[in-house]
Protein chains: 2
Amino acid sequence: MTALTPALEDFLDAHVVGVVATAPQGARPRQSVVYYVREGDRLLISSVADRAKVRDVEASGWASLCVMAPVRPFPSATFSGRAEVLRQGIGPATAAVAQRVMQAAEPPEPQSDEALAAVGRVIIAITIERVSAVSHLEQ
Amino acid sequence: MTALTPALEDFLDAHVVGVVATAPQGARPRQSVVYYVREGDRLLISSVADRAKVRDVEASGWASLCVMAPVRPFPSATFSGRAEVLRQGIGPATAAVAQRVMQAAEPPEPQSDEALAAVGRVIIAITIERVSAVSHLEQ
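Residues numbered from 1 in each chain as written. Chains lettered and ligands numbered in written order. Predicted model: local features only at pLDDT ≥ 70, side-chain atom pairs only at ≥ 80, totals over all residues. Heavy atoms only, no water.

### Comments concerning the relation of the copies chain A and chain B
(1) Moving on: With an RMSD of 0.0 Å, chain A superimposes on chain B once it is rotated by 180 degrees and translated 0.0 Å along the axis. The transformation relating the two chain copies, once decomposed into turn and shift, fits a two-fold axis. Taking the C-alpha atom as reference, chain A places Pro70 of chain A closest to the rotation axis, 2.6 Å from it.
(2) Moving on: Most of the interface of chain A is mirrored in chain B, where 100% of its interface residues again form contacts. (Least-squares fit on C-alpha atoms with pLDDT ≥ 70 in both. Contact = heavy atoms within 4.5 Å.)

This is how it looks when you write it as structure tokens:
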């Protein structure tokens, strides 16, 4: 276990996807691949409100994201901590994630919370409280 | 949720690493990157006995592995089911995982269970009972 360092921040910023794990109440952990963007010590993930992972985060207040470089020896680390589902002021974060999905030079124009709510979009925000399983990475 | 299909078997065989999640008793899920090899409907992971994930599997009898192709659009799926820690007859599986780690044309000569026990090596075997979060993949 370690803390978030500039080297780990650079690693997060150099990659765009990770495997998020959530902890359903009374059930097994759930994993899926998501795009993310880092904002300070938070990882922001764009999702839609009816996804199981969104429900899990709302119920448990926790999530973890494992990020891996796609080349050998597959440097990787797992970032975890308290998590929440945001619906207010999420236009810029949603646009920042969309930019990474689309590989655009600039983020798209942020949408209003109302427009995003109409299509069910939310942001899962993980505050990095713990870094674990650090492998083949400077810390 | 879906079943293991030939297309998903091919996907598993075409990749060498994934993110394993385990469920510690009374604690948050744990994630780390591991090499694996598929044997029928089982995923075999080489590990060492004092790792937290090994203890988790012994206590919970469950694990999941999320595998992602390293190129856009990042095809991925999560394979989960009952899991156990093997210590008997693990020479060939340990050699098969080592071959994938080393990118060798042939697996190394399998070691005896006694030799592997002396260095603490075990195999985590996940029986694929559930395939979920299938994304950008034929099923």
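### Focus on the confidence of the model for chain A
Should pLDDT be low for a region, the predicted coordinates there are not to be read in detail.
(1) Moving on: Per-residue pLDDT for chain A averages 96, and the proportion of residues at 70 or more is 99%.
(2) Moving on: On the interface metric, ipTM, the complex scores 0.96, and its pTM is 0.97. (pLDDT = per-residue confidence, 0-100.)

### Thoughts on helix 2 (residues 52-60) of chain B
(1) Moving on: For helix 2 of chain B, the complete set of buried residues consists of Ala52, Lys53, Val54, Asp56, Val57 and Ser60 of chain B.
(2) Moving on: With its phi angle positive at about 65 degrees, Gly61 of chain B sits one or two positions after the end of helix 2 of chain B. (Buried < 20%, exposed > 50% of the residue type's maximum accessible area, 1.4 Å probe, protein only. Helix = DSSP H or I, 4+ residues; strand = E, 2+ residues; numbered from the N terminus.)

### Focus on helix 3 (residues 91-102) of chain A
Structural remark: α-helix, 3.6 residues per turn; residues separated by three or four positions point the same way.
All names here are of chain A.
(1) Moving on: Across its 12 residues, helix 3 extends 16 Å between first and last C-alpha, which sits within 8% of the 16 Å expected from 1.5 Å per residue.
(2) Moving on: When helix 3 is considered as a whole, its buried residues turn out to be Gly91, Ala93, Thr94, Ala95, Val97, Gln99 and Arg100.
(3) Moving on: Buried residues in helix 3 make contact with helix 1 (6-14), strand 2 (30-35), strand 3 (37-39), strand 4 (42-48), helix 4 (113-118) and strand 7 (121-127).
(4) Moving on: Directly beyond the C-terminal end of helix 3, a positive phi value near 55 degrees is found at Gln103. (Expected span 1.5 Å × (residues − 1).)

### Notes on the environment of Gln88 of chain B
All names here are of chain B.
(1) Moving on: Note that Gln88 resides in the loop between strand 6 (76-86) and helix 3 (91-102).
(2) Moving on: Judged by relative accessible area, which is 67%, Gln88 ranks as exposed.
(3) Moving on: For the pair Gln88 and Leu44, spaced 44 residues apart in sequence, the C-alpha separation works out to 13 Å.

### Description of the interface of chain A and chain B
(1) Moving on: Taken together, the contact pairs 28 residues of chain A with 28 residues of chain B.
(2) Moving on: For the pair chain A and chain B, the number of links is 0 salt bridges.
(3) Moving on: Seen at the junction of chain A and chain B, the total is 14 residue pairs in polar contact (both at pLDDT 80 or more).
(4) Moving on: Residue assignment for the side of chain A that touches chain B shows that the elements contributing at least two residues are strand 1 (17-22), strand 2, strand 5 (62-68), strand 6 (76-86) and helix 3 of chain A.
(5) Moving on: In terms of residue class, the side of chain A that touches chain B is built from 17 nonpolar, 8 polar and 3 charged. (Salt bridge = Lys/Arg side-chain N within 4 Å of Asp/Glu carboxyl O. Polar contact = N/O pair within 3.5 Å; in protein donor to acceptor, adjacent residues only side chain to side chain. Nonpolar A, V, L, I, M, F, W, Y, C, P; charged D, E, K, R; others polar.)

### Description of the packing of aromatic side chains
In this description, a pair of aromatic rings is defined by centroid distance and the angle of the planes.
(1) Moving on: Within this structure, the stated rule accounts for 2 aromatic pairs over all chains.
(2) Moving on: The ring of Tyr36 of chain A carries the charged tip of Arg100 of chain A above its face, separated from the ring centre by 5.2 Å. (Phe/Tyr/Trp six-rings, centres within 6.5 Å; stacked < 30°, edge-to-face > 60°. Lys NZ or Arg CZ within 6 Å of the ring centre and 35° of its normal.)

### Quick look at the pattern of salt bridges
Here the idea is simple: oppositely charged side chains can pair when their charged atoms come close.
(1) Moving on: A complete count under the given rule lists 14 salt bridges over all chains for this structure.
(2) Moving on: One salt bridge connects Arg87 of chain A with Glu58 of chain A, and the closest N-O pair in it is separated by 2.9 Å. Residue Arg87 of chain A is found in the loop between strand 6 and helix 3, and its partner Glu58 of chain A is found in helix 2 (residues 52-60); the two are separated by 29 residues along the sequence.
(3) Moving on: With a shortest N-O distance of 2.7 Å, Asp56 of chain B and Arg30 of chain B are connected by a salt bridge. Here Asp56 of chain B is found in helix 2, whereas its partner Arg30 of chain B is found in strand 2 (residues 30-35), with 26 residues between them in sequence.
(4) Moving on: Taking relative accessible area as the criterion, Arg30 of chain B reaches 29% and is therefore assigned partly exposed.
(5) Moving on: Among the charged side chains, a salt-bridge network with shared partners connects Glu9, Asp13 and Arg38 of chain A.

### Side note on the state of the cysteines
(1) Moving on: Applying the stated criterion across every chain yields a total of 0 disulfides over all chains.
(2) Moving on: The structure places no disulfide on Cys66 of chain A, whose sulfur is separated from the nearest cysteine sulfur, that of Cys66 of chain B, by 9.3 Å.
(3) Moving on: Its relative accessible area of 3% is what places Cys66 of chain A among the buried residues. (Disulfide = S-S within 2.5 Å.)

### A word on the side chain of Thr94 of chain B
(1) Moving on: Within the element layout of this structure, Thr94 of chain B appears in helix 3.
(2) Moving on: Contact partners of Thr94 of chain B, with chain neighbours within four places excluded, come to Ser46, Leu116, Arg121 and Ile123 of chain B.

### Things to note about unusual backbone geometry
(1) Moving on: Following Arg72 of chain A, the chain continues to Pro73 of chain A via a peptide bond in cis, the omega torsion being 5 degrees.
(2) Moving on: Its identity is not glycine, yet Gln103 of chain B carries a phi of approximately 55 degrees, on the positive side.
(3) Moving on: As for its placement among the helices and strands, Gln103 of chain B is situated in the loop between helix 3 and helix 4 (113-118).
(4) Moving on: Positive phi, close to 50 degrees, is recorded for Ala133 of chain B, a residue that is not glycine.
(5) Moving on: Within the secondary structure layout, Ala133 of chain B lies in strand 8 (residues 130-135).
(6) Moving on: Here Ala133 of chain B falls in the partly exposed class, since its relative accessible area comes to 33%.

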